[in-house]
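Geometric and topological summary
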Amino acid sequence: MSAVTDQGNAGLRNPSKVLTAKTVEAAKPEAKNRREIPDGALPGLYLVVQPTGVKSWALRYRFDGKPKKLTIGPVLLKREGDEIEGTLPLGQSMTLQEARRAARDAIQTLGEGRDPGTAKKEAKAHRAADTGEDKDSVEKQGQRFIARYCKPRNRSWKEVERQFKIEINPHWGKKGVHDITKRDVLDLLDAVIDRGSPVTANRIFATLRRFFGWLIERDILKASPCAGMKKPTPETSRERILTSDEIKLFWQATEGFDHPFGPMWRLLLLTGQRRNEIAGMKRGELALDDDAPAWTIPGARTKNGNEHFVPLAPGAATLIKSLPRIGDKGFVFTTTGETAVSGFSRSKGRLDLAMLAILRDTAAKAGDDPARISLTPWTLHDLRRTMASGMAALNISLPVVEKVLNHSSGSFAGIVGVYQRFDFAKEKRAALLAWADFIDALVTERPAANVVKLREVVA
C-alpha cells in the first residue's frame, strides 16, 4: 500500500491551514530546528524552512509501509513574466501553485503503485541517457551560449568564457542544466563573496541569469533557477580620483619600480588607456621615431572592438623607448618575452606600501606620528578616471576626452557613433600633450600656465 501523509494534521479536529503566497513569504525560521509547515489544501505537501531561512517544498508519503520524503524544489515567491504551463521538473524553483502541481503529479505516480522518489531518479537517468555525451550539461550548453549568443552580440564575450572556465564549470560543468537549483546558484555566489570578490559575484550572477534565460528561449528549460533573485551585493559608482598630492606621491613611488611595472603604471596615468591594453602593448603597434609619436591599438584588443589611435606625448614616447627588448614576440611589457606581463595585484600592493612608506617618512621628518598615517585606497582604474577629470580641469572638451578614452557611449552613443567617424587626432594629441605637461609641472614643481590644482577632497 502507498499513501500520502500529513504529519501536521490531527484528523478533522485540527486541520492544517491552507498556505498562501503571503504566509509562505512570512514564514520565519527557528533558531536551531527545521520547520515543516503543512499545506491544508494538499495533504502531504510541506513548506520546509531551514534555520538559515532557506525555504523549499517537500512531499511526505508512505510507500511499502515506509515513510518517505520527496524534495520538490526551492521556494519561489513570485514568478516574473508569463505563468509557467504544465509541471516543472523536480528541483526547479517553484511558486506555491507550481509546487502543488508537482506534488499532485507525484501523488498520481504514487496512485499508480510507483515510488515518486524512484521515478525522479529514473527520469534524471533517462534524461542523461537521452542527451548523450552530456549534451545538456552546464559545460556543453555554456559553450553553445557563448558561441551562439555572446559572440555575435557582446564584444566582452571572452569574460563570459572566462567565468565559465574559472568560476562555473569547476562546480557545475558535468551537471545537467535541469539539475541546477536556486540553492546551487546561491552557494556558488556566496563562495565568491566569501573569498572577497563581491563585484565578481555580481558579474557571475548577471551571466547566469542571461544564460538560463537563453535556455528558456531555446525551450531547454521551463524556468530559471535565478528567478526571483536579486544582485547578490550592492554596488556604488566609483568617483575616486587621485589628488594633486597623490599624483606626486604616485610618481615618486614608481621611481623605485623597475621594468615592467614602474614604467607601465606611469604610462597608465599619462595615456589613460586600460590596464590590459597597455600590458599587451606590442612594438609593432608603435610609431616612436616620427615627429608625432603614436600608438595604435588594434580592435582585437580594445573593449569596444574599434581600432584606437593614441597620440604619445614626448615623455611617454621616451619612456617606452627606454624599455629593454625581451624576446622576439614583440611585447613591450614582459618579463619572459613569451607573454605579456601579469601579476598586477601583487605589484599594486607593493606600490601601495611604497607610497605609504614615503608618507610616513615625510610625517616623521615633520615630527608627526607615522603610525597615524594611512593611504586612502585606490585602484589602477582610478588613474584613468584621474586623467579624464584632470583633462576636464584643463578645459578640454568632453567629446575629446571621450575620444582619448575610446568611449563608444556618452557623446558618441547610438546614431551619433555610427555617423561621426572624425577621429579627433589633432585634438587628442593636444589634449594628451597638455595632460603630460600638467603631470611634468606637478611632479617637478615647476610653474606652468596651464597647471590647475586637482580637487583635494575626494567623494
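Owing to the predicted nature of the structure, the values given are computational and were not obtained by experimental measurement.

1. Brief notes about the overall build of the chain
Tallying secondary structure elements over the chain gives 16 helices and eight strands in all. Partitioning the contacts of the chain with sequence separation of at least 6, the portion at a separation of at least 24 is 58%. Total accessible area on the chain is roughly 24600 Å²; 51% of this is exposed by carbon and sulfur atoms.

2. What about the confidence of the model for the chain?
The predicted model of the chain averages 84 in pLDDT, with 85% of residues at 70 or higher. For the chain, helix 15 (residues 415-419) is the element with the lowest average pLDDT, namely 38, and helix 9 (residues 261-271) is the one with the highest, namely 95. Counting interchain partners and residues more than four positions distant, the pLDDT-below-50 stretch residues 8-14 has seven contacts. Confidence drops under pLDDT 50 across residues 410-422; counting only partners more than four residues distant or on other chains, this segment forms 16 contacts.

3. Things to note about the nonpolar core
Residues Phe-250, Trp-265, Ile-320, Phe-333, Trp-378, Met-391 and Trp-435 are the most contacted members of the largest nonpolar core, which totals 59 residues. Tallying contributions element by element places helix 16 (residues 425-444) first for this core, with eight residues. When near neighbours in sequence (up to four residues on either side) are disregarded, Trp-265 contacts Phe-250, Thr-254, Phe-344, Ser-347, Lys-348, Leu-351, Leu-380 and Leu-383. Listed in part, the 26 residues of the second largest apolar core include Trp-157, Val-177, Leu-208 and Leu-221.

4. Brief notes about helix 5 (residues 157-172)
Between its first and last C-alpha, helix 5 extends only 20 Å over 16 residues, short of the 22 Å set by a 1.5 Å rise per residue. Maximal helix bending in helix 5 amounts to about 40°, located at Phe-164. Those residues of helix 5 that fall on the buried side of the exposure criterion are Trp-157, Val-160, Gln-163, Phe-164, Glu-167, Ile-168, Asn-169 and Trp-172. Packing partners of the buried residues in helix 5 comprise helix 4 (138-153), helix 6 (182-194) and helix 7 (198-217).

5. Some points on the side chain of Ser-347
Structurally, Ser-347 can be placed in helix 12 (residues 344-365). You can call Ser-347 buried: its relative accessible area is 2%. Residue contacts for Ser-347: discarding those within four places in its chain leaves Phe-257, Phe-261 and Trp-265.

6. Overview of the pattern of salt bridges
A side chain with one charge may pair with a side chain of the opposite charge, provided their charged atoms come close. With the rule as written, the count across this model stands at 21 salt bridges. Between Glu-36 and Arg-34 there is a salt bridge, and its shortest N-O distance comes to 3.3 Å. According to the relative accessible area criterion, Glu-36 is partly exposed, its value standing at 22%. When its relative accessible area of 41% is taken as the criterion, Arg-34 is described as partly exposed. The residue Asp-184 makes a salt bridge to Lys-175 at a minimum N-O spacing of 3.3 Å. Residue class for Asp-184 comes out buried when judged on its relative accessible area of 17%. A cluster of three or more residues bridged by salt bridges with shared partners is formed by Arg-34, Glu-36 and Arg-60.

7. Re the sheet that holds strand 7 (residues 294-297)
Judged by pairing direction, the sheet is antiparallel, and its three strands sit side by side in the order 6-7-8 without closing on themselves. The sheet terminates laterally at strand 6 (286-287) and strand 8 (308-311), the two strands that pair on one side only. The sheet contact formed by strand 6 and strand 7 spans two bridges and is antiparallel. When the bridges of strand 7 are listed, Ala-287 appears paired with Ala-294.

8. Points about the packing of helix 9 against helix 16
Helix 16 packs onto helix 9 with a crossing angle of 125° between their chain directions and a minimal axis gap of 9 Å. Between helix 9 and helix 16, the angle is such that the two are oblique. Contacts between helix 9 and helix 16 pair Leu-269, Leu-270 and Thr-271 from the former with Leu-432, Trp-435, Ala-436 and Ile-439 from the latter. Its residues placed into classes, the contact of helix 9 with helix 16 shows six nonpolar, one polar and no charged.

9. Thoughts on the pairing of strand 5 (residues 66-74)
Regular strands show a simple pattern: their side chains alternate between the two faces of the sheet. As defined by bridge partners, strand 4 (residues 55-63) adjoins strand 5 across eight bridges and the pair is classed as antiparallel. Paired with Ala-58 across the bridge in strand 5 is Thr-71. Between strand 4 and strand 5, which pair antiparallel and follow one another directly, the connecting turn spans two residues, one of which, Asp-64, has a positive phi of 55°.

10. With respect to the environment of Gly-327
Along the chain, Gly-327 falls in the loop between helix 11 (314-321) and helix 12. Taking the C-alpha atoms as reference points, Gly-327 and Glu-338, separated by eleven residues in sequence, lie 6.6 Å from one another.

Conventions and cut-offs
- Residues numbered from 1 in each chain as written.
- Predicted model: local features only at pLDDT ≥ 70, side-chain atom pairs only at ≥ 80, totals over all residues.
- Heavy atoms only, no water.
- Helix = DSSP H or I, 4+ residues; strand = E, 2+ residues; numbered from the N terminus.
- Contact = heavy atoms within 4.5 Å.
- Areas by Shrake-Rupley, 256 points an atom, 1.4 Å probe, with all protein chains shown as cover.
- pLDDT = per-residue confidence, 0-100.
- Core = buried A, V, L, I, M, F, W, Y, C linked by side-chain atoms within 4.5 Å.
- Buried < 20%, exposed > 50% of the residue type's maximum accessible area, 1.4 Å probe, protein only.
- Expected span 1.5 Å × (residues − 1).
- Bend = angle between axes of the 7 residues up to and from the residue.
- Salt bridge = Lys/Arg side-chain N within 4 Å of Asp/Glu carboxyl O.
- Pairing = 2+ DSSP bridges.
- Axes fitted to C-alpha atoms, helices over the stretch in contact; angles between N-to-C directions.
- Parallel < 35°, antiparallel > 145°, perpendicular 65-115°, else oblique.
- Nonpolar A, V, L, I, M, F, W, Y, C, P; charged D, E, K, R; others polar.

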